[in-house]
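Here are the chains, one letter per residue:
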Amino acid sequence: MIEVLWHGRGGQGAFTAARLLGAAASLIDGRHALAFPSFGPERRGAPMRAFTKLADEPIGDRSAVARADYVVYLDDTLLGDEWADELKPGGLVLVNSVLAFHDPRILSIDADGMSAAVLGRPIPNTVFLGAISALCEHVRAEDVKEAIRQYMPPKLHAKNISLVDAARELVERLSCDGAFGSACSEADGAPHAGAADSERSESAAAESVDRTIDRFVALAGAPQPPRPDGCAIPTLRCDELQPEKYARSTCYEAGFLVAKNAGWRNVRPVVDRVACTGCLECYMHCPDGTIYKVDADFDDAVGASTGADATEVDGAKPKRRRPALVAVDYDFCKGCGVCAKVCRFEAIAMVSEREALASERTADAPTAVEGSAATAGIAFASNASEQAKGADAR
Amino acid sequence: MAVNARTIADDEFFFGHKACAGCGGSLAVRAALKVLGPNAVAALPAGCMSAVGFNFPQLSFANNAMITPFAATASVLTGIEVGLRAQGKKPDDCTVVGFAGDGGTADIGIQALSGAIDRNDDVLYICYDNEAYMNTGIQKSSLTPFGAKTTTTPVGANARGCLTQKKNLFEIVAAHGIPYAATASVGYLNDFIRKVERARDIEGTRYIHVIAPCPTGWGRAEDEMVDMAKDIVDCGLWYLAEYEGEQLSGQPGGRFHLSRNPKEFGSVEAYLRSQGRFKALTDEDIAVVEAARDAKWEVMQREWQG
């Protein structure tokens, strides 16, 4: 049995892809397929999984796929450190990304770029149907195209079929180059063909557009001060969860959280405290309560409450230092962007998670960033990240 | 003390939930609970907010909260209130509050709500109106506006979206002679918060109807949720008003009052055209919607002022 595990975000079309693949593989008489999503209350933007199983006989095992022949990531921010655990021996990861992953078991395809060029919007799923049809002998290209004809509205047929062809071409070329798979002795560091195009267009765009976002990227690594003392709020305390206790009651403790929502987002809000006027519109309008007021005396350069608002900056004449007025709980922020939209002072911008995480890593090494809160060596942990330790182990 | 951005409690009673990014309903629940405080007891029927708030073991309410049968929000509120009082366990600052969606209020829960108002039970009922059954994947409710596309009012060669008008639930509730009722929108959050605070301090049944956009169901970017909630008020398709019953107003039959009475409206067309769900509306349809708005406002401005 061939098993395919799809990772996507709610609304990205992972289940549609899983279904189309199953439909394609079962068009031939005597072949069987099963496609289903993971069912949960999670909503748009939340990480979700879908599964396709392909076999020559009826499939009785209807449980979720734990280890797959092909694991597809429709969003590369979902590709975590444990990706190899979901792979069968000889299996392959396919990821929608412009990055090169330096591992022969990972095939990176810029499906967003390819689909945006053809469809006008990045809808990556059919690119991976094409890629799988090139890789897996169980799935024929003509059946994928037939499935598209049967399951998609007519006006989408031609473009999606051309995407399937483009994906097959790319995979066959990369396969000949030995860029992935067991035949590949060592992954080269160069971006692959699909990624190269989009990197070019990205750098072209960067030259023409004023990168005001850079100011926020530099700030993205700054740790956040804690929430106000004594604030009532549901908290992460999964370590305390005792099934036997809950098995005997229908009455549960309020505000008991076991999982963070941070995995939902691929962009995060970053607050520029120099531009922030403290109007608190972002705090008021956050649907998730992840923006909070911080102590006006809190000096985030030393990680403590100083009570002073005049500080030496760069050893030069004392400048009035504006207190940080709001902070973001990145453990629960879903990246909706409402805060940035309601900010009238351009003090909040949405920074891509990838850039933010890179900035977080550089913030660990003490380098002064002018006019930013990203000065490192800050000796406090966000309250939420302390509580979250157990959740990471989940 | 007036609750505003500076004075509102730091507490977050609805946090860590699984609502979509940019969810208007979760903002309404969060803001209301921040005003009502730690002793508020919440009841929620089937609907988005209960589906995203109670995922055992992820329990996202920091105050006492429970799920009710779909039709029974107001009855459960009654029971909680009476039960707490009978046991001598109701603190002075305890508000028993219900959060139900538009379907759970205007369709399925309307008789229970009507009964609670009839008995004048001491409860606060908040309807977060996202204009369809969003929890189950966008089906029409009686608060879905004319022309909106839902899965049960599709758009195509032979179908033109929702053919009925949005039920006027605020005035239906007011017609009971309820002590206090109000309309609000999360786009005018200070107004909503002021009304929750006002309702908190009134005895008897109180009802607040708050517009809470659903980016997924309305077909607009999630970061524009607040803009949608503002636009619907600015273009006049929703109104911010209060109804004070006889006791509060001192007038027989009570008194309606517009909290916001704009001199001129934003464009109805721009509001409708910005949302995917109204894509199929023709120019004639939009003219009809606009005429209905003008007729409604003419009455409101004549009767609800002063």
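None of the values given here were measured: they were computed from a predicted structure. (Residues numbered from 1 in each chain as written. Chains lettered and ligands numbered in written order. Predicted model: local features only at pLDDT ≥ 70, side-chain atom pairs only at ≥ 80, totals over all residues.)

J.: Explain the overall build of chain A here, please?
T.: In terms of helices and strands, chain A carries 13 helices and 16 strands. Split into buried and exposed, the 394 residues of chain A put 43% on the buried side. Expressed as a percentage of contacts within chain A between residues at least 6 apart in sequence, the contacts between residues at least 24 apart total 67%. (Helix = DSSP H or I, 4+ residues; strand = E, 2+ residues; numbered from the N terminus. Buried ≥ 20, exposed ≤ 12 C-beta atoms within 10 Å, placed from the backbone. Contact = placed C-beta atoms within 7 Å.)

J.: Is there a simple way to think about the overall build of chain B in this case?
T.: Secondary structure assignment for chain B yields twelve helices and twelve strands. Radius of gyration (C-alpha) of chain B: 19 Å, near the 19 Å computed for a compact globule of 306 residues. For chain B, the C-alpha atoms occupy an extent of roughly 60 × 50 × 40 Å along the three principal directions. Per-residue burial for chain B yields a buried fraction of 57% across its 306 residues. (Rg over C-alpha atoms; globule rule 2.2 N^0.38 Å.)

J.: Would you mind showing me how to read the confidence of the model for chain B here?
T.: Predicted coordinates in regions of low pLDDT should not be interpreted in detail. Looking at chain B as a whole, the pLDDT averages 96, with 99% of positions reaching at least 70. Confidence estimates for the predicted assembly give a pTM of 0.81 and an ipTM of 0.96. (pLDDT = per-residue confidence, 0-100.)

J.: Please explain the sheet that holds strand β5 (residues 87-96) of chain A as it appears in this structure.
T.: As a general point, the strands of a sheet are linked pairwise by backbone hydrogen bonds and lie either parallel or antiparallel. Residue and element names in this part refer to chain A. Spatial strand order, β2-β3-β1-β4-β5-β6: six strands in an open sheet with mixed pairing. Both outer strands of the open sheet, β2 (32-37) and β6 (106-109), are each paired with one neighbouring strand and no more. Looking at each pair of strands side by side, their axes are set apart by 15° on average, direction ignored. Pairing geometry for strand β1 (residues 2-9) and strand β3 (residues 47-55), over eight bridges, is antiparallel. Opposite tryptophan 6, over in β3, you have alanine 50 as the bridge partner. Lying over the sheet, helix α3 (residues 125-135) contacts β1, β4 (68-73), β5 and β6, oriented at roughly 145° with respect to β5. (Pairing = 2+ DSSP bridges. Axes fitted to C-alpha atoms, helices over the stretch in contact; angles between N-to-C directions.)

J.: It is not clear to me how the interface of chain B and chain A should be interpreted in this structure. Could you clarify?
T.: The parts lose accessible area when they come together, and the size of an interface is often stated as this lost area. Contact with chain B, which involves 39 residues of that partner, is made by 40 residues of chain A. For the side of chain B that touches chain A, a count of residues per class yields 21 nonpolar, nine polar and nine charged. (Nonpolar A, V, L, I, M, F, W, Y, C, P; charged D, E, K, R; others polar.)

J.: Explain helix α12 (residues 283-303) of chain B here, please?
T.: Note that an α-helix has 3.6 residues per turn; residues three or four places apart therefore point the same way. Spanning 21 residues, α12(B) covers 30 Å between terminal C-alpha atoms, matching the ideal 30 Å at 1.5 Å per step. Within α12(B), only one of the 21 residues are buried, which leaves it mostly out in the open. (Expected span 1.5 Å × (residues − 1).)

J.: I tried to follow the sheet that holds strand β1 (residues 41-44) of chain B on my own but got confused; where do I start?
T.: Residue and element names in this part refer to chain B. Ordered in space as β4-β1-β5-β6-β10-β9-β11-β12, the eight strands form an open sheet in which the pairing is mixed. At either end of the open sheet lies a strand with only one pairing partner, and these are β4 (64-67) and β12 (255-258). Direction aside, neighbouring strands of the sheet carry axes that sit 15° apart on average. With six bridges connecting them, strand β6 (residues 124-129) and strand β10 (residues 206-211) associate as parallel partners. When the sheet's bridge partners are listed, cysteine 127 is paired in β10 with histidine 209. Helix-sheet contacts for helix α7 (residues 189-200) involve β6, β9 (180-185), β10 and β11 (241-244), and the interaxial angle to β9 is about 160°.

J.: I keep staring at unusual backbone geometry and nothing clicks. Help me out?
T.: What you tend to see is this: most non-glycine residues have negative phi, and most peptide bonds are trans. Here B:Phe56 and B:Pro57 are connected by a cis peptide whose omega angle stands at 5°. Locating B:Pro57 in the fold gives a position in the loop between β2 (54-55) and β3 (58-59). Positive phi values are uncommon outside glycine, yet A:Leu280 reaches one of about 70°. By secondary structure assignment, the location of A:Leu280 is in the loop between β9 (267-271) and α9 (281-285). In this model, A:Glu346 sits at a positive phi of 50°, which is unusual for a non-glycine residue. By the element assignment, A:Glu346 lies in the loop between α10 (338-342) and β16 (348-352). For A:Glu346, a count of 13 C-beta atoms within 10 Å gives the class partly exposed.

J.: Hey, could you run me through the environment of A:Val217 in this one?
T.: In this structure, A:Val217 sits in helix α7 (residues 213-219). Beyond its immediate chain neighbours, meaning those up to four positions away, A:Val217 contacts A:Val351, A:Glu355 and A:Ser359.

J.: What should I look at first to understand the pairing of β6(B) in this one?
T.: The side chains of a regular strand alternate between the sheet's two faces. Residues and elements named next belong to chain B. Within β6, six of the six residues are buried, leaving the element largely enclosed by the surrounding structure. Taking every second residue as pointing to the same face, both faces of β6 are buried, with Leu124, Ile126 and Tyr128 on one and Tyr125, Cys127 and Asp129 on the other. Alignment of strand β5 (residues 96-101) against β6, held across five bridges, turns out to be parallel. Counted as the bridge partner of valine 97 is leucine 124 from β6.

J.: Looking at this model, I keep getting lost on the packing of helix α3 (residues 73-86) of chain B against helix α5 (residues 110-119) of chain B. Mind explaining?
T.: Packed helices, taken two at a time, are described by the angle between their axes plus the distance between the axes. All names here are of chain B. α5 packs onto α3 with a crossing angle of 40° between their chain directions and a minimal axis gap of 6 Å. Taken together, α3 and α5 sit at an angle that is classed as oblique. Contacts from Thr73, Ala74, Ser75, Leu77 and Thr78 in α3 reach Ala112, Leu113, Gly115, Ala116 and Arg119 in α5. Its residues placed into classes, the contact of α3 with α5 shows five nonpolar, four polar and one charged. (Parallel < 35°, antiparallel > 145°, perpendicular 65-115°, else oblique.)

J.: It is not clear to me how the packing of α3(A) against helix α5 (residues 157-176) of chain A should be interpreted in this structure. Could you clarify?
T.: Residues and elements named next belong to chain A. Axis separation between α3 and α5 bottoms out at 7 Å; the angle between their running directions is 45°. As summarised for this structure, α3 and α5 are arranged oblique, according to the angle between their axes. The element α3 and its partner α5 pack so that their crossing is right-handed. Here Thr126, Val127, Leu129, Gly130, Ala131, Ser133, Ala134 and Leu135 of α3 lie close against α5, whose contacting residues are Asn160, Leu163, Val164, Asp165, Ala166, Ala167, Arg168, Val171 and Glu172. Of the residues assigned to the contact of α3 with α5, the class counts are ten nonpolar, four polar and three charged. (Left-handed = near helix turned anticlockwise from the far one by under 90°.)

J.: Teacher, can you tell me more about the domain arrangement of chain A here?
T.: Residue and element names in this part refer to chain A. In terms of domain boundaries, chain A breaks down into domain 1 (2-207) and domain 2 (213-392). Facing five residues of domain 1, the contacting portion of domain 2 comprises seven residues. Of the residues assigned to the side of domain 1 that touches domain 2, the class counts are two nonpolar, two polar and one charged. (Domains from an automatic or database assignment.)

J.: Please clarify how helix α1 (residues 14-25) of chain A should be interpreted in this entry.
T.: Residue and element names in this part refer to chain A. With twelve residues, α1 should cover 16 Å at 1.5 Å per step; its first-to-last C-alpha distance of 17 Å lies within 8% of that length. Counting buried positions along α1 gives ten out of twelve residues, so the element sits mostly inside the fold. Every buried residue of α1 is listed here: Ala14, Phe15, Thr16, Ala17, Ala18, Leu20, Leu21, Gly22, Ala24 and Ala25. The secondary structure elements touched by the buried residues of α1 are β1, β2, β3, α3 and α4 (141-151).

J.: Sorry, what's going on with the confidence of the model for chain A here?
T.: Residues and elements named next belong to chain A. Here chain A shows a mean pLDDT of 79. Residues at 70 or above account for 74%. Of the regions scoring below 50 in pLDDT, residues 301-321 engages in 22 contacts with residues more than four places distant in sequence or in other chains. Taken together, the stretch residues 367-394 has pLDDT below 50 and engages in 56 contacts with residues farther than four places along the chain or on a different chain.

J.: Help me out: how do you make sense of the environment of B:Glu244 in this one?
T.: Residue and element names in this part refer to chain B. Topologically, glutamate 244 is positioned in strand β11. With 21 C-beta atoms counted inside 10 Å, the residue glutamate 244 sits in the buried group. On a C-alpha basis, the gap between glutamate 244 and phenylalanine 256 in space is 6.5 Å, while along the polypeptide they are twelve residues apart. If sequence neighbours within four positions are ignored, glutamate 244 has contacts with Tyr180, Ser249, Gly254 and Arg255.

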